[in-house]
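Working through the structure, step by step
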Amino acid sequence: MKCTKCGGVAVINMPQHRLKLCAEHFKEWVLSMVQRTIKRYRMFGPKDRILVAVSGGKDSLSLWDILIRLGYQTEGLYINLGITHENYSDVSQEYAEAFAAAHDAPLHIVNVRETYGQGIPDLAHTGRGKRMCSVCGLVKRHIMNRIAYEGGYAAIATGHNLDDEVAVLLQNTLHWQGGYLKRQAPVLPSTHPRLARKVKPLCHLYERETAAYALVQGIAFVEQECPYSVNAKTIFYKQILNQLERRSPGTKMQFYLGFLRAKEEGLFCLDEPEKELTWNTCRKCGQPTTAGDLCAFCRLWEKQKHPA
Ligand code: AMP
Ligand code: FES
Ligand code: ZN
Ligand code: ZN
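Below you will find a few notes about this structure. Nothing here was measured: the structure is a model prediction, and the numbers come from that model.

1. Structural notes on the overall build of the protein
- Scanning the protein for helices and strands turns up twelve helices and ten strands.
- Its C-alpha radius of gyration of 20 Å places the protein within 12% of the 19 Å reference for a compact globule of 308 residues.
- When its C-alpha atoms are laid out on the principal axes, the protein stretches across 65 × 45 × 40 Å.
- Split into buried and exposed, the 308 residues of the protein put 49% on the buried side.
- For the protein, the accessible area works out to roughly 16,100 Å², and carbon and sulfur atoms hold 52% of it.
- Charge-centre separation for the protein: the mean point of 40 positive side chains lies 5 Å from the mean point of 30 negative side chains.

Here it is as structure tokens:
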């Protein structure tokens, strides 16, 4: 297999882009693809300080690597969720720390058990499944917003790739989740001065491209999946989408870009302006909330102290 650009040995075949690339041209291609995505969606500029949320996995560490190489000002954030099964959280943290040390890049670490008293599995003690992931998502969002606000970052960047986005899109479309479809986008604007803007610079890269990038760049990442995500529905949707992609290369990208275009054109009326939200300030942590006087995060910990 020959590189389309230089005729050297190709390390990856990307039929969806009609490209086969050698390691050097592939690295170059990934950087320019991400740079184009950042510009296309006006994610941030060279003067902005970006907080990169890193899980220790291939996507977020590749993202951090790419942003550093593109010359952006970045700092990392790793949230240790206290998942002790197979030492998942501590092992993941070691990968994030090793990357930061090797790149001489600042990394902020928040240990949920040490900071708040309990890890995610104890907090969501109902066991595996949906509850664990939704509690985990809520805790991660809260901490990301807190650190971004305290540090005055312009945006939080996450490692969501095209496969992640398209799996969520399929799930939301199958259930016609209008509200979720409306909010799914490469950039989630800040809705309150204390809630950070969120960006997904890898949203045009296939998962196998981010994995290949980590390999050719020699990035060490945690290969274990979160022990609670094994049964996640999105994995099933990803498998179905992989079948479609094999039959017809480019399907995932077309589905995603077609959706964004349709939204822009006002199809499904998903682009109507959001209703004005009424914000309260959480009496415990000070973050804005649309519910009562305690935010969802603080309510979670209160419930833990006083179970029904
Ligand atoms: P996930 O929700 O696990 O699919 O992860 C999506 C993105 O969220 C990752 O690419 C990271 O950018 C971020 N993320 C996930 N887990 C963590 C974590 N423990 N600490 C910081 N960021 C995370
Ligand atoms: Fe949060 Fe798995 S990473 S439940
Ligand atoms: Zn080449
Ligand atoms: Zn709160």
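2. Section: the coordination of the zinc ion (ligand 4)
- For the zinc ion (ligand 4), every protein donor is listed as C282 (SG), C285 (SG), C295 (SG) and C298 (SG), and the spread of their distances is 2.3 Å.
- If you look at the zinc ion (ligand 4), its four donor atoms make angles of 106 to 115° with each other, and the shape they trace is tetrahedral.
- Binding-site remark: the zinc ion (ligand 4) is held by donors from one chain whose sequence spacing is C-x2-C-x9-C-x2-C. One end of the pair, C282, is in the loop between strand 9 (280–281) and strand 10 (288–289); the other, C295, is in the loop between strand 10 and helix 12 (296–305), and 13 residues separate them in sequence.
- With relative accessibility at 2%, the residue C282 sits in the buried group.
- Overall, C295 belongs to the buried group, its relative accessible area being 5%.

3. Let's talk about the coordination of the zinc ion (ligand 3)
- Bound to the zinc ion (ligand 3) on the protein side are C3 (SG), C6 (SG), C22 (SG) and H25 (ND1), at distances that span 2.1 to 2.3 Å.
- Its four donor atoms give the zinc ion (ligand 3) angles of 99 to 114° at the centre, a pattern that matches the tetrahedral case.
- When the donors of the zinc ion (ligand 3) are listed by position in the chain, the intervening gaps give C-x2-C-x15-C-x2-H.

4. Some remarks on the pairing of strand 5 (residues 107–111)
- Summarising the sheet, strand 4 (residues 73–80) and strand 5 pair through five bridges and their orientation is parallel. By the bridge assignment for strand 5, G76 is matched with L107.
- Chirality of the crossover, the property in question, places the unit of strand 4, helix 3 (residues 88–103) and strand 5 among those that are right-handed.

5. Here's the deal with the packing of aromatic side chains
- Tallied over the entire structure, the rule returns seven aromatic pairs.
- Both rings, one in Y116 and one in W301, keep their centres 5.5 Å apart while their planes meet at 25°; by these two values the pair is stacked. Taken together, the residues span a long stretch of sequence, with Y116 in helix 4 (residues 112–116) and W301 in helix 12 at a distance of 185 residues.
- Between the NZ or CZ atom of R49 and the centre of the ring of Y153, over which it lies, the distance is 4.4 Å.

6. Quick word on the site of ligand 1
- For ligand 1, the set of nearby residues contains 13 residues, the closest of which are A53, V54, I79, T158 and G159.
- The contact in question runs from an oxygen atom of ligand 1 to an N or O atom on the backbone of A53, over 2.5 Å.
- At 2.9 Å from an oxygen atom of ligand 1 is found a main-chain nitrogen or oxygen belonging to G159.
- Contact with the protein chains hides 73% of the accessible area of ligand 1, taken as 480 Å² for the molecule alone.
- Elements that contribute at least two residues to the shell around ligand 1 include exactly strand 4 and helix 6 (130–151).

7. Examining the pattern of salt bridges
- Enumeration over the complete set of coordinates arrives at 13 salt bridges.
- Here R146 and E150 are joined by a salt bridge, their closest N and O atoms 3.3 Å apart. With R146 and E150 both in helix 6, this residue pair falls four residues apart, about one helical turn.
- E150 sits in the exposed class, given a relative accessible area of 55%.
- With a shortest N-O distance of 3.7 Å, E302 and K284 are connected by a salt bridge. Of this pair, E302 sits in helix 12 while K284 sits in the loop between strand 9 and strand 10; the two residues are 18 residues apart in sequence, bridging distant segments of the chain.
- In this structure K284 comes out as partly exposed when scored by relative accessible area, which is 45%.

8. A short note on the sheet that holds strand 6 (residues 155–157)
- In spatial order, the strands read 5-4-3-6-8-7; together these six strands make up an open sheet with mixed pairing. In this open sheet, the two edge strands, each paired with only one partner strand, are strand 5 and strand 7 (187–188).
- Strand direction decides the pairing type here: strand 6 and strand 8 (residues 198–199), joined by two bridges, are parallel. Looking at strand 8, one finds that A157 is bridged to V199.

9. Comments concerning the nonpolar core
- Of all hydrophobic cores here, the largest spans 55 residues; its most connected members are F26 and W29.
- Here this core gets six residues from one element, more than from any other, and that element is helix 1 (residues 23–40).
- Setting aside chain neighbours within four positions, we find W29 in contact with M14, H17, L19, L21, L205 and E209.
- With 33 residues, the next largest nonpolar core counts L123, V139, C295 and C298 among its residues.

The rules behind each value
Residues numbered from 1 in each chain as written. Chains lettered and ligands numbered in written order. Predicted model: local features only at pLDDT ≥ 70, side-chain atom pairs only at ≥ 80, totals over all residues. Heavy atoms only, no water. Helix = DSSP H or I, 4+ residues; strand = E, 2+ residues; numbered from the N terminus. Rg over C-alpha atoms; globule rule 2.2 N^0.38 Å. Buried < 20%, exposed > 50% of the residue type's maximum accessible area, 1.4 Å probe, protein only. Areas by Shrake-Rupley, 256 points an atom, 1.4 Å probe, with all protein chains shown as cover. Lys, Arg positive; Asp, Glu negative; His and termini not counted. Charge placed at Lys NZ, Arg CZ, Asp CG, Glu CD. Donors = N, O, S within 2.8 Å, 3.2 Å for Na, K, Ca; no water. Tetrahedral: all angles 85-135°; square planar, octahedral: opposite > 155°, others 65-115°. Pairing = 2+ DSSP bridges. Right-handed = clockwise from strand over helix to strand, strands pointing away. Phe/Tyr/Trp six-rings, centres within 6.5 Å; stacked < 30°, edge-to-face > 60°. Lys NZ or Arg CZ within 6 Å of the ring centre and 35° of its normal. Near = heavy atom within 4 Å. Polar contact = N/O pair within 3.5 Å; in protein donor to acceptor, adjacent residues only side chain to side chain. Salt bridge = Lys/Arg side-chain N within 4 Å of Asp/Glu carboxyl O. Core = buried A, V, L, I, M, F, W, Y, C linked by side-chain atoms within 4.5 Å. Contact = heavy atoms within 4.5 Å.

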